[in-house]
Amino acid sequence: MTTQSTLPAAASGRFTIGGDLPVTRLGYGAMQLTGPGIWGDPADPDEAVRVLRRAVELGVDFIDTADSYGPFVSEMLIKKALHPYPDGLVIATKAGLTRAGPGDWRPLARPEYLRQQCELSLRHLGLERIDLYQLHRIDAKVPLEDQLGELVLLQQEGKIRHIGLSEVSVAQIEQSRALATIVSVQNLYNIANRSAEDVLAYCEQENLGFIPWFPIATGELAQPGGPLAKAAEEHGASPAQLALAWLLRRSPVMLPIPGTSKVSHLEQNVAAAQLVLTDDEFRALADAV
């Protein structure tokens with residue numbers, strides 16, 4: 001019999017988002033389940049469905065997506081693959097970026113737009129309440145109190161459970177926490193790009209979930225002869241697995257969400273949860289990159 005504790009992803013440990021939402025720390029990011037430029041349908045929709053189902057089979061219970069991935073393609077694939085959802089599966093989504101074409105991302109967080117997108121995400125995901133709803137970007141053209149105020153209203157109406165932020169500074173997190181209860185932050189962070197170190201430190205101090213997007217730099221860290229290649233060979237692992245193991249070792253609030261559109265790649269990523277780095281190995285990897 002397979003139990004939660006014997007599933008590969010479970011080796012990454014647990015974190016409780018917002019004090020009441022426990023998740024396995026190694027999650028899955030669903031951005032790559034779309035067409036080129038994160039636009040339109042994937043080349044192989046059946047494989048996308050298989051990836052999502054396999055992730056859950058491996059013990060992943062935290063899936064991160066956004067209305068702008070496709071747009072809506074990622075959310076609808078999640079519903080197709082996994083609805084009705086198993087108990088304990090947490091689906092996080094985002095709003096606040098609009099799309100005008102492949103690779104084109106524009107902040108838009110007017111209150112009426114955020115409300116519309118939340119209602120659409122509920123429909124596309126087949127949910128009555130979104131467990132973690134993240135402001136994808138703060139819109140500089142809209143007062144922050146209006147953006148977060150609308151999310152608080154949606155929370156009070158029971159349409160979202162928790163509020164998170166994405167691509168923010170420590171100052172912006174503090175401003176936001178004066179307006180709403182914030183439980184998580186999603187910033188660019190990986191072993192090669194630690195520019196959000198101060199944000200991670202703040203999240204650790206305040207026990208906020210830190211969701212590093214681009215956790216393996218979409219393959220850049222996995223190149224043959226790259227900075228992790230030698231250490232990976234010594235570990236009998238791939239560079240991508242070492243990059244994920246390093247993130248998991250870096251902080252107890254870290255919730256990596258590596259994404260892929262292939263089952264084989266997914267299985268390799270999840271296996272990283274079972275890689276244990278010593279203190280010396282952890283420091284050596286950090287110094288090598």
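Scoring rules and cut-offs
Residues numbered from 1 in each chain as written. Predicted model: local features only at pLDDT ≥ 70, side-chain atom pairs only at ≥ 80, totals over all residues. Heavy atoms only, no water. Phe/Tyr/Trp six-rings, centres within 6.5 Å; stacked < 30°, edge-to-face > 60°. Helix = DSSP H or I, 4+ residues; strand = E, 2+ residues; numbered from the N terminus. Buried < 20%, exposed > 50% of the residue type's maximum accessible area, 1.4 Å probe, protein only. Lys NZ or Arg CZ within 6 Å of the ring centre and 35° of its normal. Pairing = 2+ DSSP bridges. Right-handed = clockwise from strand over helix to strand, strands pointing away. Contact = heavy atoms within 4.5 Å. Axes fitted to C-alpha atoms, helices over the stretch in contact; angles between N-to-C directions. Parallel < 35°, antiparallel > 145°, perpendicular 65-115°, else oblique. Left-handed = near helix turned anticlockwise from the far one by under 90°. Nonpolar A, V, L, I, M, F, W, Y, C, P; charged D, E, K, R; others polar.

**Side note on the packing of aromatic side chains**
- Considering all chains together, one arrives at four aromatic pairs under this definition.
- Seen from their ring centres, Tyr-189 and Phe-210 are 5.6 Å apart, and the 85 degrees between their planes marks the pair as edge-to-face. On the criterion of sequence distance, the pair formed by Tyr-189 in the loop between strand 10 (182-188) and helix 6 (197-206) and Phe-210 in strand 11 (residues 209-213) is long-range, its members being 21 residues apart.
- With a relative accessible area of 0%, Phe-210 lands in the buried category.
- For the pair Trp-213 and Phe-214, a centre-to-centre distance of 5.9 Å together with 50 degrees between the ring planes defines the contact as tilted.
- Its relative accessible area of 31% is what places Phe-214 among the partly exposed residues.
- Positioned above the aromatic ring of Trp-105, the side-chain terminus of Arg-99 is 3.8 Å from the ring centre.

**Re the pairing of strand 7 (residues 104-107)**
- Judged from the four bridges that link them, strand 6 (residues 97-101) and strand 7 form a sheet pairing that is antiparallel. The partner of Arg-99 across the bridge, within strand 7, is Trp-105.
- Where strand 6 folds back onto strand 7 in an antiparallel hairpin, the turn is made up of two residues, including Gly-103, whose phi is positive at roughly 70 degrees.

**Points about the pairing of strand 5 (residues 90-95)**
- Burial within strand 5 is extensive, with six of its six residues counted as buried.
- Side chains of strand 5 alternate between two faces, with Val-90, Ala-92 and Lys-94 and Ile-91, Thr-93 and Ala-95 buried alike.
- The pairing of strand 4 (residues 62-64) with strand 5 spans three bridges and is classified as parallel. Paired with Phe-62 across the bridge in strand 5 is Val-90.
- Note that the unit made of strand 4, helix 2 (residues 73-82) and strand 5 has a crossover that is right-handed.
- Taken together, the four bridges between strand 5 and strand 8 (residues 130-135) define a ladder with parallel strand orientation. Counterpart to Ala-95 in the pairing with strand 8 is Leu-135.

**Some details on the environment of Leu-255**
- Within the fold, Leu-255 resides in the loop between helix 8 (239-250) and helix 9 (263-271).
- Exposure remark for Leu-255: the relative accessible area of 0% places this residue in the buried category.
- When near neighbours in sequence (up to four residues on either side) are disregarded, Leu-255 contacts Phe-15, Ile-17, Val-23, Arg-25, Phe-62, Gly-209, Phe-210, Ile-211 and Pro-212.

**With respect to the packing of helix 1 (residues 45-57) against helix 9**
- Closest axis-to-axis distance for the helix 1/helix 9 pair is 9 Å, and the angle between their directions is 25 degrees. By the angle between their axes, helix 1 is roughly parallel relative to helix 9. Where helix 1 crosses over helix 9, the two elements pack in a sense that is right-handed. Between helix 1, through Glu-47, Arg-50, Val-51, Arg-54 and Ala-55, and helix 9, the contact on the second element is made entirely by Val-263, Leu-266 and Glu-267.
- Grouping the amino acids of the contact of helix 1 with helix 9 by side-chain chemistry returns four nonpolar, no polar and four charged.

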